[in-house]
Amino acid sequence: MSGTHLPVMLAEVLDNLAPRDGGIYLDGTFGGGGYSRAILDAADCRLWAIDRDPDAIARGAALLAKSGGRLGLVQGRFGDMLSLMHDQGVTQLDGVVLDLGVSSFQLDEAERGFSFRFDGPLDMRMEKSGPSAADLVNKLPEAELADLIYQYGEERHSRRIARTIVAARVEEPITTTARLRSIIHSCMPRDPSGIDSATRSFQALRIRVNDELGEIERGLAGAAELLAPGGRLVVVSFHSLEDRIVKRFMQNSTGRAPGASRYAPSALMGSNAPASFRLVTTRALRPGEEETRANPRARSARLRTIERIVEAA
Ligand SMILES: C[S@@+](CC[C@H](N)C(=O)[O-])C[C@H]1O[C@@H](n2cnc3c(N)ncnc32)[C@H](O)[C@@H]1O
């Protein structure tokens, strides 16, 4: 069932990262290796790639073998990139790219439980370890469940959904994607836009299971530490919660719009520190029409880039 993952905004990523011969780069979200392959092809550089999903790392074996020693694959979280890179003896990078969210491999495999398009175990763990979506759905108190669906799914019917889930789990634990979807459908009106009414709740659970927003905060801070002067950070995000954190971080590190948010505390942003980066993309780049036609997953993508300023001597 799982075939391939079409890299999103690949031409724009390469253009913004601008890899050069002799440089050292990090692809923090290896996935199907689409960006990594293109970076290795674009320059005679060294590339480190991280993914938290053991399946993605295993799938990277062929590219690793072909890379002639230029690629290093590390299983772990990009939120830990600072220590993961230090473990490899790397203290400075010439570029970092992050392609947030899940891969088509993960979405298309029923057993991973990320999608309600197929029935599967209610799992959603990118790392295949730790508490699963089923653990949250069956164990969290109703109010906490409602809060997470509201916060991470931006779902205004969160209280009603949480109440219905709690009533259903008393009958029998909720262990499959299909059952959760039908429980949500049972209490939700049909969305006139045609979007499945379970979409936002599934997104919320996935974000919480994988601490995705916390990972972005830590990953951006790690990249800022590791980038050498002239080095670039390129981030592709897929929904407003992700993009909001990226945008704020980039504005703050380039000396614009200081201020804290729940997901982007000012301490993390170093908003009082002098700007050490410049904005390469003044506004988020969006995929072209042709790409969104060919790859619907690209539709909501936004790409933002900053570059570490080269200090005057
Ligand atoms: C959208 S895919 C990347 C696709 C890749 N750019 C390509 O062209 O094939 C996202 C990947 O990032 C991984 N991922 C998500 N969050 C992560 C994190 N915090 N640390 C490491 N990997 C992460 C996922 O497991 C998934 O494989």
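Residues numbered from 1 in each chain as written. Predicted model: local features only at pLDDT ≥ 70, side-chain atom pairs only at ≥ 80, totals over all residues. Heavy atoms only, no water.

**Structural notes on helix α1 (residues 10–17)**
What sets the pattern is the α-helix's 3.6 residues per turn: residues three or four places apart point alike. Buried residues of α1: V13, N16 and L17, and no others. Viewed end-on, α1 has its buried residues packed into an arc of 95°, placing them on one side of the element. The outward face of α1, more than 90 degrees from its buried face, is lined by the exposed residues A11 and D15. Among the structural elements, β1 (24–27), α2 (34–42), β4 (93–99), β5 (227–237) and β7 (302–308) are those in contact with the buried residues of α1. Phi for A18, located one or two positions after α1, is positive at around 50°. (Buried < 20%, exposed > 50% of the residue type's maximum accessible area, 1.4 Å probe, protein only. Helix = DSSP H or I, 4+ residues; strand = E, 2+ residues; numbered from the N terminus. Arc of directions from axis to C-beta. Contact = heavy atoms within 4.5 Å.)

**Observations regarding the nonpolar core**
M81, V96, L122, I165, L180 and L233 are the most contacted members of the largest nonpolar core, which totals 63 residues. With six residues, helix α12 (residues 212–226) is the largest single contributor of residues to this core. Contact partners of L122, with chain neighbours within four places excluded, come to S132, A133, A134, V137, I174, T175, T176, T177, L180 and F202. Core analysis: the second largest hydrophobic core is formed by 24 residues, L47, L63, A298 and A301 among them. (Core = buried A, V, L, I, M, F, W, Y, C linked by side-chain atoms within 4.5 Å.)

**With respect to the site of the ligand**
The environment of the ligand is made up of 25 residues, and the closest members are D51, F78, D99, Q106 and E215. Taking D51, its side chain carries an N or O atom lying 2.7 Å from an oxygen atom of the ligand. When the ligand is considered free in solution it has 600 Å² of accessible area, and contact with the protein chains removes 98% of it. (Near = heavy atom within 4 Å. Polar contact = N/O pair within 3.5 Å; in protein donor to acceptor, adjacent residues only side chain to side chain. Areas by Shrake-Rupley, 256 points an atom, 1.4 Å probe, with all protein chains shown as cover.)

**Regarding the confidence of the model for the protein**
Chain-level statistics for the protein give a pLDDT mean of 93 and a share of 93% at 70 or above. Counting interchain partners and residues more than four positions distant, the pLDDT-below-50 stretch residues 264–272 has 15 contacts. (pLDDT = per-residue confidence, 0-100.)

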